[in-house]
Amino acid sequence: MVVDELDALRDRFEGCRTIAFADLSTQMILVTDSGSTLPRETLDDLCAQAAMMLGANGKVFLGSHESSAAALANNSGLRVFVRAGQEPNDVLCCICEPTVDAGAFLADARASINRISSGD
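Just so you know, these numbers come straight off a predicted model, no measurement behind them. (Residues numbered from 1 in each chain as written. Predicted model: local features only at pLDDT ≥ 70, side-chain atom pairs only at ≥ 80, totals over all residues. Heavy atoms only, no water.)

(A) Structural view of the pattern of salt bridges. In total, this model carries 6 salt bridges according to the counting rule given. With a closest N to O distance of 2.6 Å, Arg115 and Glu5 form a salt bridge. With Arg115 in helix α3 (residues 102-118) and Glu5 in helix α1 (residues 2-12), this residue pair connects regions lying 110 residues apart in the sequence. Given a relative accessible area of 31%, Arg115 falls into the partly exposed group. A residue is classified by how much of its surface remains accessible, and Glu5, at 11% relative accessible area, is buried. Close ionic contact of Arg12 with Asp108 constitutes a salt bridge, the shortest N to O distance being 3.2 Å. Taken as a pair, Arg12 in helix α1 and Asp108 in helix α3 lie far apart in primary sequence, 96 residues in all. Given the relative accessible area of 26%, Asp108 is considered partly exposed. Here the residues in one salt-bridge network are Asp7, Arg10 and Asp33, joined through shared partners. (Salt bridge = Lys/Arg side-chain N within 4 Å of Asp/Glu carboxyl O. Helix = DSSP H or I, 4+ residues; strand = E, 2+ residues; numbered from the N terminus. Buried < 20%, exposed > 50% of the residue type's maximum accessible area, 1.4 Å probe, protein only.)

See below:
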C-alpha cells in the first residue's frame, strides 16, 4: 500500500525523482518509491533534513514551532518535506526537478502522506 501510494505520486509528476516515507521519531526512511536508486546514506541525509526543516520529537531547529511542510530549492532541484496531519512523525521526503509544479505537488503529497498515515 505505501509503495503503491509513493509510486502513484511520483508517476503523477514527471519531475519527481524520489519519494521516501520516513518516521521522524527514529529519523529513519522506512519505504522509498520503487524507482529510487539513492544509496542509504543519501536517504539518511534526506531524513535528517526533514527533521531539521520540520522539527522532530518536540525539538525545533528552524523557526519557533514544528511545521507541516517545508521546501529547499536551488538550481538543481527541489526538496519537499510534508508531515501527516494526524501523525506528526510520519513524513514524506521528496526530491524533484526544479521544473515541477511545486504547488500541485505539495497538495498531492499532503493527500498521499495523510492516506499513508491513516492506513486508507
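(B) Just α1, in detail. When we look at burial in α1, the residues that qualify are Glu5, Leu6, Asp7, Leu9 and Arg10. Elements that come into contact with the buried residues of α1 comprise β1 (16-23), β2 (28-32), β5 (90-96) and α3. (Contact = heavy atoms within 4.5 Å.)

(C) Molecular detail of the sheet that holds β1. In space, the 5 strands of this open sheet follow the order β2-β1-β5-β4-β3, with antiparallel pairing throughout. Strands with a single pairing partner mark the edges of an open sheet, and in this sheet they are β2 and β3 (69-74). This sheet shows a mean twist of 20 degrees between the axes of neighbouring strands, independent of strand direction. Here β3 runs beside strand β4 (residues 77-83); their pairing, made up of 6 bridges, is antiparallel. The partner of Ala73 across the bridge, within β4, is Leu78. Packing of α1 onto the sheet brings it into contact with β1, β2 and β5, and relative to β1 it is tilted by some 150 degrees. Contacts from α3 reach β1, β3, β4 and β5, with the element oriented near 145 degrees to β5. (Pairing = 2+ DSSP bridges. Axes fitted to C-alpha atoms, helices over the stretch in contact; angles between N-to-C directions.)

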